[in-house]
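Geometric and topological summary
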Amino acid sequence: ARQTGRNTLDYFSEESARRAQEKWHLERQMTEALAAHDFQLHYQPIFDLDSNRCIAAEALLRWPSTQLAPDQFIPVAEETGLIHPMGNWILSTAVRQWAQWHDEGRELTYLSVNISVLQLQQPGFIDQAISLTKQYHLPPGRLVLEITESILLQTSPNVLSQINRLRQAGYRLAIDDFGTGFSSLNYLKQLPIDYLKVDRSFVEGIIENNQDSAIYRAIVDMAMAMDIEIVAEGVETPQQMLWLKQQGVTFAQGYFYTQALPPEKFTLYLNAQSEA
Ligand code: C2E
Ligand code: CA
Ligand code: CA
Ligand code: CA
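Quick caveat, the model's predicted, so the values are computed rather than measured.

**Thoughts on the pairing of strand β1 (residues 40-48)**
For β1, a buried count of eight out of nine residues is recorded, marking the element as mostly surrounded by other parts of the structure. Where β1 folds back onto strand β2 (residues 53-62) in an antiparallel hairpin, the turn is made up of four residues, including N52, whose phi is positive at roughly 55 degrees.

Take a look at the structure:
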């Protein structure tokens, strides 16, 4: 047994050494990619279900020279602190893109940017956001900051006060991946939330499964009672889109419309819509 124990230990220490090395390697690659402007933002259209028009967009990070999805490298950026320069780049790139579309006469109701709770906790983040949006004349009410629900579970007083400061500065807030955090819904009363982005796992079953549609219905009712708008994520079929519209859901995004597009393609997408 002793022998086995030692082998197991060796195995675990080798495994963790390998992981640490992978992380270190990824961190170095990401640092280089930031310097070399290797990251891109793509934009996924967000539709108003009433008018059936694209009225907003969510910025999603892409790293084209690798096959890695943001879920695979953002956690490492968070662990290593790289999320701060990376997050600054993401926010300033998105704000500049908004300004470009604005100058071209393409008015989006809002632009949604994902932020990490670590950015919120960073002193100076809010002041930076304020000076950035001022510089590009982006009205703060047109910037939506998406924060994942799971992160709010660890809501420290500091995060709460930062969220309130953001709201006071005029920015709008969305709870991302809503429904996946197993949280008490109490926090919704305490936070100044504008949008609930219902996680796409809830959309999957709404057509075939009565329980799934009942759950979705309950989320919609609650949001309406609290004066919070719903953004349905992961809409993939026309049946899902129509069902959501019937329930009074305001906004939707998903592969039914399109995946996230590089800026030039997003522009063409808007052009095609205004010609239609
Ligand atoms: P998220 O914010 O929940 O983003 C939605 C994800 O679902 C995106 O994956 C998007 O491409 C994908 N998606 C959109 N519509 C559909 C659909 O109809 N069906 C399916 N199956 N998937 C759909 P992506 O781009 O791989 O992003 C994954 C996660 O990485 C994001 O989840 C977000 O948490 C994080 N992330 C992405 N960009 C950023 C960023 O700029 N900053 C931060 N902090 N996190 C980001
Ligand atoms: Ca998001
Ligand atoms: Ca989400
Ligand atoms: Ca997510």
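**Quick notes on the site of ligand 1**
Around ligand 1 there are 20 residues in total, and R62, D176, R200, E236 and Y255 lie nearest to it. For ligand 1, an oxygen atom lies 2.7 Å from a polar atom in the side chain of R62. Contact with the protein chains covers 85% of the free accessible surface of ligand 1, which is 810 Å². Counting residues per element, the ones that place at least two in the shell around ligand 1 are β2, α2 (70-80) and β5 (172-178). In terms of residue count, the dominant contributor to the shell around ligand 1 is β2 (four residues). When grouped by side-chain class, the residues that make up the shell around ligand 1 number seven nonpolar, five polar and eight charged.

**A word on the coordination of the calcium ion (ligand 4)**
In a perfect tetrahedron of four donors around a metal, the angles come out at 109.5 degrees. In a perfect octahedron of six, they are 90 or 180 degrees. The protein atoms donating to the calcium ion (ligand 4) are D177 (OD) and D177 (OD), with metal-donor distances spanning 2.7 to 3.0 Å. Its place among the elements puts D177 in strand β5.

**As for the pairing of strand β4 (residues 143-148)**
With five of six residues buried, β4 lies mostly within the body of the structure. Both strand β3 (residues 110-114) and β4 contribute to a ladder of four bridges, which runs parallel. Looking across to β4, one finds that N114 is bridged to E146. Here β4 runs beside β5; their pairing, made up of five bridges, is parallel.

**As for the coordination of the calcium ion (ligand 3)**
All of the protein donors around the calcium ion (ligand 3) are D176 (OD), D177 (OD), E233 (OE) and E233 (OE); their distances to the metal are 2.2 to 2.4 Å. All donor residues of the calcium ion (ligand 3) come from one chain, and their arrangement in sequence is D-D-x55-E. Separating the calcium ion (ligand 3) and the calcium ion (ligand 2) is a distance of 4.1 Å, and D176 donates to both of them. With D177 in strand β5 and E233 in the loop between β7 (229-232) and α11 (238-246), this residue pair connects regions lying 56 residues apart in the sequence. Given the relative accessible area of 25%, D177 is considered partly exposed.

**A short note on the sheet that holds β5**
The strand order around the closed barrel formed by eight strands is β1-β2-β3-β4-β5-β6-β7-β8, and the pairing between neighbours is mixed. Here two bridges tie β7 to strand β8 (residues 251-252), and the two strands are oriented parallel to one another. Counterpart to V231 in the pairing with β8 is F251. Strands β1, β2, β3 and β4 of the sheet are contacted by helix α3 (residues 83-103), whose axis makes an angle of about 55 degrees with β1.

**As for the pattern of salt bridges**
When their charged atoms lie close together, side chains carrying opposite charge are able to pair. A full pass over the atoms with the stated rule returns eleven salt bridges. The closest approach of N and O atoms between E58 and K197, which form a salt bridge, is 2.9 Å. You can see E58 sitting in strand β2 and its partner K197 sitting in strand β6 (residues 195-198), a full 139 residues away along the chain. Each member of the pair, E58 as well as K197, carries the same accessibility label: buried. A salt bridge links D221 to R217, with the nearest nitrogen and oxygen atoms 2.5 Å apart. Separated by four residues within a single helix, D221 and R217 lie in helix α10 (residues 210-225), roughly one turn from each other. Shared partners join several salt bridges into a network, and the residues in it are E15, R18, R19 and E22.

**What about α11?**
Within α11 the residues assigned to the buried category are Q240, M241, W243 and L244. For α11, the angular spread of buried residues about the axis comes to 165 degrees, placing them on one side. Check the buried side of α11 and you find it contacts α9 (200-203), α10 and β7. Downstream of α11 by one or two residues, G248 has phi in the positive range, about 85 degrees.

**As for the packing of aromatic side chains**
Applying the stated criterion across every chain yields a total of 13 aromatic pairs. Ring geometry for W63 against F73: centres 5.1 Å apart, planes inclined by 80 degrees, an arrangement best described as edge-to-face. Of this pair, W63 sits in the loop between β2 and α2 while F73 is found in helix α2, placing the two residues ten residues apart along the sequence. Using a relative accessible area of 0% as the deciding quantity, one classes F73 as buried. Seen from their ring centres, Y216 and W243 are 5.9 Å apart, and the 90 degrees between their planes marks the pair as edge-to-face.

Basis of the calculations
- Residues numbered from 1 in each chain as written.
- Chains lettered and ligands numbered in written order.
- Predicted model: local features only at pLDDT ≥ 70, side-chain atom pairs only at ≥ 80, totals over all residues.
- Heavy atoms only, no water.
- Buried < 20%, exposed > 50% of the residue type's maximum accessible area, 1.4 Å probe, protein only.
- Helix = DSSP H or I, 4+ residues; strand = E, 2+ residues; numbered from the N terminus.
- Pairing = 2+ DSSP bridges.
- Near = heavy atom within 4 Å.
- Polar contact = N/O pair within 3.5 Å; in protein donor to acceptor, adjacent residues only side chain to side chain.
- Areas by Shrake-Rupley, 256 points an atom, 1.4 Å probe, with all protein chains shown as cover.
- Nonpolar A, V, L, I, M, F, W, Y, C, P; charged D, E, K, R; others polar.
- Donors = N, O, S within 2.8 Å, 3.2 Å for Na, K, Ca; no water.
- Contact = heavy atoms within 4.5 Å.
- Axes fitted to C-alpha atoms, helices over the stretch in contact; angles between N-to-C directions.
- Salt bridge = Lys/Arg side-chain N within 4 Å of Asp/Glu carboxyl O.
- Arc of directions from axis to C-beta.
- Phe/Tyr/Trp six-rings, centres within 6.5 Å; stacked < 30°, edge-to-face > 60°.

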